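Each chain, written out:
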Amino acid sequence: MILISLLLTLVLSSLCLALVSPTLVLKKEAMFVDAISHSVLPGIVFSFILIKSLDSFLFDFFAVFFSFLTALLLKKVFNSLKISKESIIGLFYTFLFSIGVLMVVFFANDVHLDADAVLFGQVEYTVFDTLNIQILPFLNATHLKLSLCLLVILLWVKFFSRKLYYESFDFNFATFKFKNLKYLNYIFYLILSFVLIMSFKVLGVVLVLSLAIAPGLNAKLFSKNLNDMYVYSLIYCVLSSLIGTFVAYSLNISIAGTIAFCNLIFLLLANFLKTNSMHKN
Amino acid sequence: MLIYFSVLLFALVAALYGNFCVFQKQGLIADVLGHSVFPAVILSILLTNSKSYFYMMVFSFLFSLLAFAILNYLKRNPLLDKDSIMAIILSGFFGLGTLLISILKRNSSNLISGVSDIFYGNVSAISSYDLFFILWFSLISLLVYYFLRRYLIFSSFDSTFFKFKFKIHKLVDFIFYFILTFLVTLSINLVGIILTSALFIIPCLISYKFSKNYFQLEMISSLAACFSCFLGVFISSNFNSVPTGPLIVIILGLFFISAHFISIKPSKL
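Remember, predicted model here, so these are calculated numbers, not experimental data.

Q: Explain the overall build of chain B to me, please; I cannot follow it from the model alone.
A: Within chain B one finds 11 helices and zero strands. Counted from the first residue to the last, chain B has its helices and strands arranged as α-α-α-α-α-α-α-α-α-α-α. Computed over its C-alpha atoms, the radius of gyration of chain B comes to 19 Å, within 12% of the 18 Å expected for a compact globule of 269 residues. Taken along the three principal axes of its C-alpha coordinates, chain B extends 55 × 45 × 30 Å. Each of the 269 residues in chain B was classed as buried or not, and the buried ones make up 61%. For chain B, contacts bridging at least 24 residues in sequence account for 78% of all contacts bridging at least 6. As displayed, chain B offers around 11100 Å² of accessible surface, 70% of which is attributable to carbon and sulfur atoms. For chain B, the separation between the mean place of its 17 positive charges and that of its 8 negative charges on side chains is 6 Å.

Q: Explain the interface of chain A and chain B to me, please; I cannot follow it from the model alone.
A: The parts lose accessible area when they come together, and the size of an interface is often stated as this lost area. Contact residues are listed per partner, giving 54 residues for chain A and 60 residues for chain B. Counting the surface lost from both chain A and chain B, the interface buries some 5000 Å², and carbon and sulfur atoms represent 76% of this. Between chain A and chain B we count zero salt bridges in total. Joining chain A to chain B, the criterion identifies seven residue pairs in polar contact (both at pLDDT 80 or more). If one sorts the elements of the side of chain A that touches chain B by residue count, helix H5 (residues 85-107) of chain A sits on top with 15 residues. The residue makeup of the side of chain A that touches chain B, split by class, is 33 nonpolar, 14 polar and seven charged.

Q: Please clarify how unusual backbone geometry should be interpreted in this entry.
A: Negative phi characterises most residues that are not glycine, and trans characterises most peptide bonds. Residue and element names in this part refer to chain A. Its identity is not glycine, yet Lys28 carries a phi of approximately 55 degrees, on the positive side. Relative to the elements of secondary structure, Lys28 occurs in the loop between helix H1 (2-27) and helix H2 (30-39). With relative accessibility at 46%, the residue Lys28 sits in the partly exposed group.

Conventions we followed
- Residues numbered from 1 in each chain as written.
- Chains lettered and ligands numbered in written order.
- Predicted model: local features only at pLDDT ≥ 70, side-chain atom pairs only at ≥ 80, totals over all residues.
- Heavy atoms only, no water.
- Helix = DSSP H or I, 4+ residues; strand = E, 2+ residues; numbered from the N terminus.
- Rg over C-alpha atoms; globule rule 2.2 N^0.38 Å.
- Buried < 20%, exposed > 50% of the residue type's maximum accessible area, 1.4 Å probe, protein only.
- Contact = heavy atoms within 4.5 Å.
- Areas by Shrake-Rupley, 256 points an atom, 1.4 Å probe, with all protein chains shown as cover.
- Lys, Arg positive; Asp, Glu negative; His and termini not counted.
- Charge placed at Lys NZ, Arg CZ, Asp CG, Glu CD.
- Buried area = accessible area lost by both parts, 1.4 Å probe.
- Salt bridge = Lys/Arg side-chain N within 4 Å of Asp/Glu carboxyl O.
- Polar contact = N/O pair within 3.5 Å; in protein donor to acceptor, adjacent residues only side chain to side chain.
- Nonpolar A, V, L, I, M, F, W, Y, C, P; charged D, E, K, R; others polar.

Below, the structure written as structure tokens:
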């Protein structure tokens, strides 16, 4: 029963992230996600200090709001500082993350929002707050939140995501053709921060990064068009979370870590297969 | 006294090598190397069943080299962009560390107590033996820097000319990344594995706002790094519960913000 509940949580959250990942990979914003996911920590701690609880709806709302603000701030810094992108990311996220760590040390050290939990995630603890439904005893509150999140992202993929791809292939044409491209990007960052915050509590900073990039990247190796990329990345994320969970559960080790490590191994395998087939042709 | 001396020397060397990181647009390489140190430290504790600093260093060095090799192997595929590869590698290695730490928690829970120091750094946890280690290797890296400086300046400002002029360009690159890996490994007790890249990037960004030639850039960046490391170590050794790494990074960041508003030079990097 615990295994089913865990699997459902992991598959739901990785589906959410896999729907965002083709956009991220094509826009080449992988380290941007890394920067947001680290620098959102002061926002999370601040909203925790405001709300005083980790489970309420208001906490999620404030956390999403702050992470959206962080993304906008990072974009603003990109445009105004004229330093190379890597250096800005290295400057921005280390500064904000260390502010967050000090805030945790000074204001919120006694509760279960310690800095280690932010890094590792707590998949194993989500199974306990069940909803007590007779027919589906394994369902818990995290599942409901994640399915709501999945619905929102599906709507976004259906209605808004297409125009962003023009930007990643031909920036000038995209700015010429769509006047509201700026707002589409803002919507994307809003959706991105929504997904990140929703999956943070379950997966932790580092696994979120891994699951947000790996499906799209693996799919990009083998797909020929955009629809293929979506389908492959969805299949990949379900497979990797299933394999990771079973390996981790049978060996009794950390699930989040195992999935992130598996993603690295799978990428190496996929790259090996792809380069071999390229040489044959 | 020894602690200040070795930390300051280390900060100076890190800033000097970090300048070249920024100019070669490799700013986040320290981040990847730093994350890959985490599983190595846990593995050394698991295998040797003790917290020996020497084995930690050896394992971390090997793991960073492995991460660097994987990065260079995957970069050859034109379908994969550098950012995504780096994201996957750093999260994969960090995941391996998380996996190993759960094994460590199950088997020998008495060894786990000091492990969280490696995330954010803790100066009071460094013993005098480790300090000598840091001191000697910083000195060696400084000596290597003296011989390497000329080639590195060529390679970061005009890499085609550098490859054309000097036949030893591969050797220079190899030594540079070798020493960079070692410096990242040494920094885990000071700033922690997550914030390592700040120590390499931010001093260069600060000094770029003021300097007119490369010598000035080196001087100002090493001064900024030394001063902020001194302040960070001073504050965190007087207040026990505050981790060192975040303090140093916040001081560096405040320096950068004030430098950004003070300087009038239009910056382009």
